[in-house]
Amino acid sequence: MQTKNLDVVSIGEILIDFVGSPKGRPLAEATDFRRAAGGGPANVAVGVARLGGRTGFIGKVGRDAFGDHLEQILEENGVDTRGLLRDDEANTTLVFVALNEKAVPEFVFFRHGTADTRLDPAELPQEVLEDTRILHFSSVSLTVEPARGATLEAVRLARAAGAIISFDPNLRLSLWPDAVKARQEILAAMKLADVVKLNKEELRFLLGTEAETVAAGVTALLARGPRLVAVTLGEDGALLAGIESKVRLPAFPVQAVDTTGAGDAFMAGMLVVLAEAIQQGEDLEALDSAWLERLGSWGNAAAALTCTRPGVIPALPAKEEVAKLAT
């Protein structure tokens, strides 16, 4: 088997979140904004790196001050930036975020023709894709060309080189033409994935009556191709299911300050353990309940700790914090 130097490579959006205040008010009433690096796949890459994994990122930013900042954030966190490209014609993507009284975010994207949407298949760093155990992507990069084509080509190249494919629907309906198109494209992407992480609202959106219960929805998803499915349940923890085993784990109780990025933190915690399992020669289809419990425990711990601090990348926890909470 070819030796891989990277545990996880993420491909997709990297952007600047502007988080509004005062907290608990709708975005239309926000008066001040705080800058924070973000973007689901970028969050996952940094999250895994902070948990001790070796990561890379593939995506595009503008040749502007925000692009400079995002590149600096990745490098400071030890993320391989060979795949971070600069666009001379488009600006870095921006998102404005407000948190309601339960710290749940409301988003407005400034993403029409911005840098992350312009990643082209011809620009993909094949050597990075061939050097990773896991390739991670989300549906956001599938919403527009050429980023969609680049993402699907990256999945093809990584799989051909022996990588496991990880997918997070990360549903943002405002980025899709309509709900029907979103459901169609996301379900098609799931057929390409070995590992899928989603929340229960996304599960029900995608499967409708097939997901009358979370357990039924997970069974239906596994029948569509993935070999490992994790459903995050907020305060109720998470359910993880593989071909052979299924476990449900409680959440770690914390006082939530900001839930933005909790799903990305969960994914990072799960993937760093999964990369360890792969490195030890474990078969993804044969992961037993002990492995699923460890995957879920690290995911839950990373998500819980992230919720206790504002922002996403600034809030992602270190390995020592997660290890202490998860054991």
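Refer to the preceding data block for the structure.
One structure accompanies this document, and this report is about it. (Residues numbered from 1 in each chain as written. Predicted model: local features only at pLDDT ≥ 70, side-chain atom pairs only at ≥ 80, totals over all residues. Heavy atoms only, no water.)

### Quick look at helix α6 (residues 200-207)
Right, so step 1: Those residues of α6 that sit buried are Glu202, Leu203, Phe205, Leu206 and Leu207.
Right, so step 2: Each element contacted by the buried residues of α6 is listed here: α5 (179-190), β10 (195-199), α7 (214-222) and β11 (228-232).
Right, so step 3: Its side-chain oxygen 3.1 Å from the backbone nitrogen of glutamate 201, asparagine 199 forms the N-cap of α6.
Right, so step 4: Just past α6, the residue glycine 208 takes up positive phi, approximately 55°. (Buried < 20%, exposed > 50% of the residue type's maximum accessible area, 1.4 Å probe, protein only. Helix = DSSP H or I, 4+ residues; strand = E, 2+ residues; numbered from the N terminus. Contact = heavy atoms within 4.5 Å. Polar contact = N/O pair within 3.5 Å; in protein donor to acceptor, adjacent residues only side chain to side chain.)

### Brief notes about the sheet that holds strand β7 (residues 105-110)
Right, so step 1: With mixed pairing, four strands are arranged side by side in an open sheet as β3-β2-β6-β7. Unpaired on one side and paired on the other, β3 (32-38) and β7 mark the two borders of the sheet. Between one strand and the next, the sheet's axes are offset by a mean angle of 25°, whatever the strand orientation.
Right, so step 2: Both strand β2 (residues 15-21) and strand β6 (residues 94-99) contribute to a ladder of four bridges, which runs parallel. In the strand pairing of β6, aspartate 17 is matched with valine 95.
Right, so step 3: In the packing of helix α2 (residues 65-76) onto the sheet, contacts are made with β2, β3 and β6, and the angle to β3 comes to roughly 50°. (Pairing = 2+ DSSP bridges. Axes fitted to C-alpha atoms, helices over the stretch in contact; angles between N-to-C directions.)

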